[in-house]
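The chain contents come next:
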Amino acid sequence: MLTISRPRRLAVAVVAAVGAMCVSVPPAAATTAAATRPAAVGATTPFRIYEAEAGTPAGGAAVRSLTSAPTTQYSNAALEASGHSYVHLDGTGQSVQWTNTTGRPISFLNIRASIPDSATGGGVTGTLNLYVDGVFRQALHLNSKQSWLYEGNGNYNTSDNQNPADGDPRVFWDESHTFVTGSPIPAGATFSLRKDADNSASFYDVDSVDVENPPAPRTQPANSISITSCGAVADNTPTNGAADSRSVDSRAAIQSCVDQAQSQGKILWIPQGTFYVKGTEGLSAHGITIAGAGLWYSTIYRDVPVPNSTPLAALFDLTSCTVRDFHIDANAVSRSTIGGDGGAMDTTGTDWLAEGIWTQHAMSGFWASGTGGTVRNSRLTSVWADGINVNNVSLGADTGNDLTVTNNFVRGTGDDAIAINSVNYNTNGDGSQTFYQPMTDVTVSDNTSIAPWGGKGVGVYGGSGHRVEDNYISDTARYIGLGAGRFGVNGSDLLSATVTGNTVVRSGGNAYSQGQPALHIGNGGDGQNTGTVDKVTVTGNTVTDSLYDGIGFSTSTDTLLQDNTVNSPGRNGISISPPFYPAPTGSATITGNTVTGLDAGTSAFVNNSTGFTATLSDNHWPPPAPEGPYGGTPAAVPGTVQAEDYDTGGQGVAYNVTSVNGNADSYRADGVDLDNTSDTGGGYSLGWTGAGQWFRYTVDVATAGTYTLGLRVAAPSAVTDALHLSDAAGTDLTGAVDLPATGDWQTWSTTTTHVTLPAGRQTLTLHQDNGGWNINYLALLPA
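Please read these numbers as outputs of a predicted model, since none were measured by experiment. Here the residue numbering is sequential within each chain, running from 1 through the sequence in written order. Restriction of local features to residues with pLDDT of at least 70 applies here, the model being predicted, together with a cutoff of 80 or more for giving and counting side-chain atom pairs; totals for whole chains, interfaces and linings are based on all residues. As a rule here, side-chain values cover all heavy atoms of the structure and leave hydrogens and water aside.

Caption draft 1: Focus on the overall build of the chain. By definition, any uninterrupted DSSP run of H or I lasting at least four residues is a helix, any uninterrupted run of E lasting at least two residues is a strand, and each is numbered from the N terminus. Counting its regular elements, the chain contains two helices and 65 strands. By definition in these notes, contact holds between two residues if any of their heavy atoms fall within 4.5 Å. Taking as baseline every contact in the chain between residues at least 6 positions apart, the subset at least 24 positions apart corresponds to 74%. Shrake-Rupley sampling with a 1.4 Å probe provides the accessible areas, and residues are treated as covered by the protein chains on show and by no other component. Approximately 26100 Å² of the chain is accessible, and the part contributed by carbon and sulfur atoms is 50%. Charge convention: Lys and Arg are scored as positive, Asp and Glu as negative, and His as well as the terminal groups of each chain are ignored. Positions of charges follow a simple convention, taking NZ of Lys, CZ of Arg, CG of Asp or CD of Glu. Charged side chains of the chain number 35 positive and 67 negative; the gap between the two group centres comes to 8 Å.

Encoded structure:
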């Protein structure tokens with residue numbers, strides 16, 4: 001992990017009291033930390049999260065935390081952890097302990113943890129011991145069978161490579177739950193997780209523990225059919241990452257009961273127990289209610305033969321149904337056909353409802369279209385792709401209107417935790433295209449999205465009239481925390497949306513080395529800069545401890561950014577055209593916003609685009625730094641001026657660029673067009689050259705006279721009239737300079753010319769008259 005001089009930026013904010021679908025947590029129960037989730041933002045749930053790093057490590061256990069923004073595109077355990085921090089146990093007797101401050105007994109635990117992969121991939125199982133008030137209570141069963149994928153050896157961002165030899169692992173965390181053996185953990189008691197001699201894994205990383213006291217199981221409702229009456233058989237052997245080989249396939253029995261419930265107008269009842277659906281077929285229902293005894297008690301477990309070669313539909317295909325109060329799990333080991341993926345619920349129709357559903361290990365939780373549907377009060381943890389994706393394409397529909405996603409808890413998804421996904425068209429196998437109606441009036445409110453390892457916390461992709469409000473989003477590993485735009489080339493344009501009252505913490509990411517902002521408005525999905533984004537209102541949001549820029553704009557029009565707060569951004573506060581998110585055109589009104597906690601060399605506001613019109617008023621932030629030499633001291637002449645040490649002052653003052661593409665943000669916050677160089681001496685070079693761009697350098701000339709200007713450049717092909725150097729008055733000092741071909745972007749040679757300079761402090765401007773070259777430095781030596 002990296003070191004940084006400001007660890008406070010990524011200090012852990014404990015998610016205290018992640019609410020109460022049943023009862024609220026009293027203020028006195030809140031755990032202490034650097035920051036806490038605002039009480040009015042995010043989901044209200046019946047469980048409390050205890051972050052491991054907020055507990056008490058003992059016996060040599062160590063807290064491990066992300067201490068700076070990533071400089072590579074790859075993952076690590078801290079980056080994927082909630083709070084970007086966890087406790088590492090690797091020796092006998094090491095533990096982490098908490099005190100039950102909920103004010104009520106704890107009878108149910110859900111542990112987010114990581115244990116090592118096997119040497120050849122595919123995972124292992126292991127136990128970790130639970131102690132209550134220092135007395136052993138039970139062994140908790142953990143596994144790594146549904147984690148640990150690898151991205152080395154050309155597998156970046158792939159979803160099914162389980163070969164540890166390829167290196168660069170990701171997907172470190174999984175979640176396991178159980179009832180507490182014996183009496184519940186009383187209020188005020190301590191409880192701890194300890195690695196003892198009988199706990200065989202070489203290490204146990206503990207991220208968090210969810211604690212609660214579930215209500216009694218629900219009883220079978222009147223006018224219902226139990227799946228057991230049709231022959232479904234429960235198997236209560238714990239799954240722990242894989243199916244019980246002795247389990248009975250209940251798919252046909254459950255489908256038979258579904259058919260009876262539909263024909264008789266009855267409720268389908270799932271009693272306590274784990275019921276298996278084996279093979280590659282799923283279940284289909286229309287117009288009925290499917291209910292369970294509670295998400296702690298009733299489970300439908302999908303068991304697909306792995307490796308699998310049959311593309312899978314979802315476990316449930318539902319049209320105009322109500323589903324509630326049960327758990328869905330699966331044996332999938334990756335987000336791919338071979339790994340046994342398949343969604344939990346594909347839904348469409350009218351006025352459908354999903355509530356009280358807990359989904360794990362499926363490819364997606366809800367893939368839902370139609371009109372008037374709602375997902376609420378549900379949990380989605382350790383899901384391979386999207387948690388909740390409301391769209392206009394599920395199950396052959398072409399509409400997605402008046403849908404609501406509210407009061408859900410989502411953690412550890414491999415794609416967007418929550419997405420509004422308006423598709424314009426899809427291309428069919430024969431090359432024809434199917435078009436869909438743009439989505440309208442979707443509400444995403446009061447949800448909690450934590451630690452997606454492969455997507456955004458909330459993504460708004462196209463349509464109009466959407467509201468995204470009062471959501472809590474934290475700890476994205478790679479991508480934007482909250483984004484409003486359009487997805488890819490086949491997505492619908494986004495023509496209006498309101499994004500208000502959301503809290504975004506420790507978000508943004510370095511996928512594809514892009515340094516993505518925490519909150520983003522503009523076209524494009526994952527770098528595909530396409531389409532229209534218009535009339536997005538972004539008000540009253542709080543962005544804290546972003547890994548890179550707090551708020552970023554790509555091409556978009558008529559955005560209102562008003563009364564938002566950006567605290568302690570890792571880079572700039574508000575940035576138009578941040579790296580890899582170009583904004584050659586656009587417009588925004590930026591008013592009443594506050595930026596605090598800036599680091600040296602960063603800015604509250606930067607506009608890297610000459611074509612994007614930003615109207616600023618009544619904002620509260622430090623004034624921009626004036627133009628001046630980078631580091632405060634002019635470069636000495638005779639001497640060498642490094643290309644990366646252009647002046648401070650920002651776009652239009654110290655430099656002019658048409659887009660920001662660089663990835664050297666660890667060197668200086670604006671990044672602009674800097675890249676690592678393989679030239680002798682290393683360091684950084686300036687690239688992505690283009691006609692009309694320029695960079696200024698402040699120098700101190702010891703003696704007036706003529707100097708030899710040595711330009712250290714790389715160019716795959718020769719460039720005519722590549723550049724010229726001017727003084728502060730705009731006088732051309734060199735005339736047009738041609739650059740020879742060096743053969744590659746990182747094959748370097750020196751091109752020389754001459755320049756006459758007066759003595760004293762001078763401001764020189766390097767003009768890029770034609771692109772196609774990189775520059776490492778300018779050497780100015782006596783002729």
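Caption draft 2: Main features of helix 2 (residues 251-264). An expected span of 1.5 Å times one less than the residue number is assigned to each helix. Look at helix 2: 20 Å from first C-alpha to last across 14 residues, which is about the 20 Å you get at 1.5 Å a residue. Only protein chains enter the accessibility calculation, which uses a 1.4 Å probe; a residue is then buried when its area is under 20% of its type maximum, exposed when over 50%, and partly exposed in between. Taken as a whole, helix 2 has its buried residues at Arg251, Ala253, Ile254, Gln255, Cys257, Val258 and Ala261. At its buried positions, helix 2 is contacted by strand 14 (224-226), strand 15 (267-270), strand 16 (273-278), strand 17 (283-286) and strand 19 (298-303). One or two steps after helix 2, the chain reaches glycine 265, where phi turns positive at roughly 70°.

Caption draft 3: Main features of the environment of proline 311. With respect to the helices and strands, proline 311 occurs in the loop between strand 19 and strand 20 (316-319). The class for proline 311 is exposed, based on a relative accessible area of 66%. For the pair proline 311 and glycine 340, spaced 29 residues apart in sequence, the C-alpha separation works out to 8.6 Å.

Caption draft 4: Seen up close, the side chain of aspartate 475. Topologically, aspartate 475 is positioned in the loop between strand 39 (472-474) and strand 40 (482-485). Here a polar contact is recorded for every N or O atom pair within 3.5 Å, except that within protein the pair must consist of a potential hydrogen donor and a potential acceptor, and residues adjacent in sequence are included only if both atoms are side-chain atoms. A polar contact of 2.8 Å, which involves the side chain of aspartate 475, links it to the backbone nitrogen of glycine 83. Those residues in contact with aspartate 475 that sit more than four places away from it in its chain are Leu79, Ala81, Ser82, Gly83, His84, Ile450, Ala451, Pro452, Val505, Arg506 and Ser507.

Caption draft 5: Region of interest: unusual backbone geometry. At the junction of valine 306 and proline 307, the peptide bond is cis and its omega measures out at 5° in the coordinates. When you line up the elements, proline 307 lands in the loop between strand 19 and strand 20. Cis geometry is adopted by the peptide bond preceding proline 638, which originates at valine 637 and carries an omega value of 10°. Note on placement: proline 638 falls in the loop between strand 54 (635-637) and strand 55 (639-642). Residue aspartate 475 is not a glycine yet carries a positive backbone phi of 65°. Since its relative accessible area comes to 0%, aspartate 475 is described here as buried. Positive phi, normally seen in glycine, also occurs at aspartate 558, with a value near 55°. Among the structural elements, aspartate 558 can be located in the loop between strand 46 (551-553) and strand 47 (559-562).

Caption draft 6: Structural context of the sheet that holds strand 46. Following DSSP output, two strands are said to pair if at least two bridges run between them. Taken in spatial order, the twelve strands line up as 17-20-22-24-28-32-37-40-43-46-49-52 in an open sheet, and their pairing is parallel. Looking at which strands have only one partner, the edges of the open sheet turn out to be strand 17 and strand 52 (605-607). The sheet shows a mean angle of 10° between the axes of neighbouring strands, direction not considered. Where strand 20 meets strand 22 (residues 345-348), four bridges bridge the pair, whose relative direction is parallel. Following the sheet pairing, phenylalanine 316 is matched in strand 22 by methionine 345. Fitted lines through C-alpha atoms serve as axes, helices being fitted only where they are in contact, and the angles separating the N-to-C directions of these axes extend from 0 to 180 degrees.

Caption draft 7: Examining the confidence of the model for the chain more closely. Residue-level pLDDT values for the chain average 93, and 95% of them are 70 or greater. Per-residue confidence from the predictor is reported as pLDDT, a score between 0 and 100. Counting interchain partners and residues more than four positions distant, the pLDDT-below-50 stretch residues 1-36 has 106 contacts.

Caption draft 8: A look at the pattern of salt bridges. Here, a salt bridge means any side-chain nitrogen of Lys or Arg that lies within 4 Å of a carboxyl oxygen of Asp or Glu. On inspection of all chains with the given rule, the structure shows 22 salt bridges. With a shortest N-O distance of 3.4 Å, glutamate 175 and arginine 112 are connected by a salt bridge. Of this pair, glutamate 175 sits in strand 11 (residues 174-179) while arginine 112 sits in strand 6 (residues 108-114); the two residues are 63 residues apart in sequence, bridging distant segments of the chain. One exposure class covers both glutamate 175 and arginine 112, and it is buried. Ionic pairing is found between glutamate 175 and arginine 411, a salt bridge with its closest N-O pair at 2.7 Å. Highlighted residues: glutamate 175 in strand 11 and arginine 411 in strand 31 (residues 409-413), separated in sequence by 236 residues. Exposure class is identical for glutamate 175 and arginine 411. Each is buried. A single network of salt bridges, built from pairs that share partners, joins Arg112, Glu175, Asp207, Asp210 and Arg411.

Caption draft 9: Layout of the pairing of strand 43 (residues 519-522). Of the two faces of strand 43, both are covered, the one formed by Leu519 and Ile521 as well as the one formed by His520 and Gly522. Sheet topology note: the strand 40/strand 43 ladder contains four bridges and is parallel. Paired with leucine 482 across the bridge in strand 43 is leucine 519. Two strands pair when backbone bridges link them, and strand 43 and strand 46 are joined in this way by three bridges, in the parallel orientation. By the bridge assignment, histidine 520 is partnered in strand 46 with glycine 552.

Caption draft 10: Seen up close, the sheet that holds strand 5 (residues 95-99). Read from one edge to the other, the open sheet built from five strands follows the order 2-5-12-7-8, with strand pairing classed as antiparallel. Strand pairing shows two members of the sheet lacking a second neighbour, strand 2 (56-58) and strand 8 (135-143), which therefore form its edges. The average angle at which neighbouring strand axes cross in this sheet is 25°, direction not considered. Sheet topology note: the strand 5/strand 12 (residues 190-194) ladder contains five bridges and is antiparallel. Counted as the bridge partner of serine 95 is arginine 194 from strand 12.

Caption draft 11: Examining the state of the cysteines more closely. Put simply, a disulfide is two cysteine sulfurs that come within 2.5 Å. This structure, assessed with the given rule, holds one disulfide. Between the sulfur atoms of cysteine 230 and its disulfide mate cysteine 257 the distance is 1.9 Å. Looking along the S-S bond of the cysteine 230-cysteine 257 disulfide, the torsion reads about 90°, which is the right-handed sense. With a gap of 27 residues between them, cysteine 230 in the loop between strand 14 and helix 2 and cysteine 257 in helix 2 connect regions that are remote in the sequence. Lacking any disulfide linkage, cysteine 321 is separated from the closest cysteine sulfur, that of cysteine 257, by 15 Å. A relative accessible area of 4% places cysteine 321 in the buried class.

Caption draft 12: Fine view of the nonpolar core. Nonpolar cores are built from buried Ala, Val, Leu, Ile, Met, Phe, Trp, Tyr and Cys residues. Side-chain atoms within 4.5 Å join them into one set. If you look at the biggest cluster of nonpolar residues, it comprises 76 residues, and the most contacted ones within it are Ile290, Phe316, Phe326 and Phe553. Residues Tyr655, Leu739, Leu764 and Leu766 belong to the second largest nonpolar core, which totals 37 residues.

Caption draft 13: Molecular detail of the packing of aromatic side chains. When the centres of two rings from Phe, Tyr and Trp lie within 6.5 Å, Trp using its six-membered ring, the rings pair. Their planes under 30 degrees apart give stacked, over 60 give edge-to-face, and anything left gives tilted. Scanning all chains against the criterion turns up 25 aromatic pairs. Measuring from centroid to centroid gives 6.1 Å for phenylalanine 605 and tryptophan 621, while their planes differ by 0°, and the two rings are stacked. In this pair, phenylalanine 605 sits in strand 52 while tryptophan 621 sits in the loop between strand 53 (612-617) and strand 54, placing the two residues 16 residues apart along the sequence. Relative accessible area serves as the criterion here: at 18%, phenylalanine 605 is assigned to the buried category. Taken together, the ring pairs in this structure connect Phe108, Phe179, Trp296, Tyr297 and Trp358 into an aromatic cluster. Arginine 379 extends its terminal NZ or CZ atom over the ring of tryptophan 358, reaching a point 5.0 Å from the ring centre. The criterion is that NZ of a Lys, or CZ of an Arg, lies within 6 Å of the ring centre and within 35 degrees of the ring normal, and then a charge sits over that ring.

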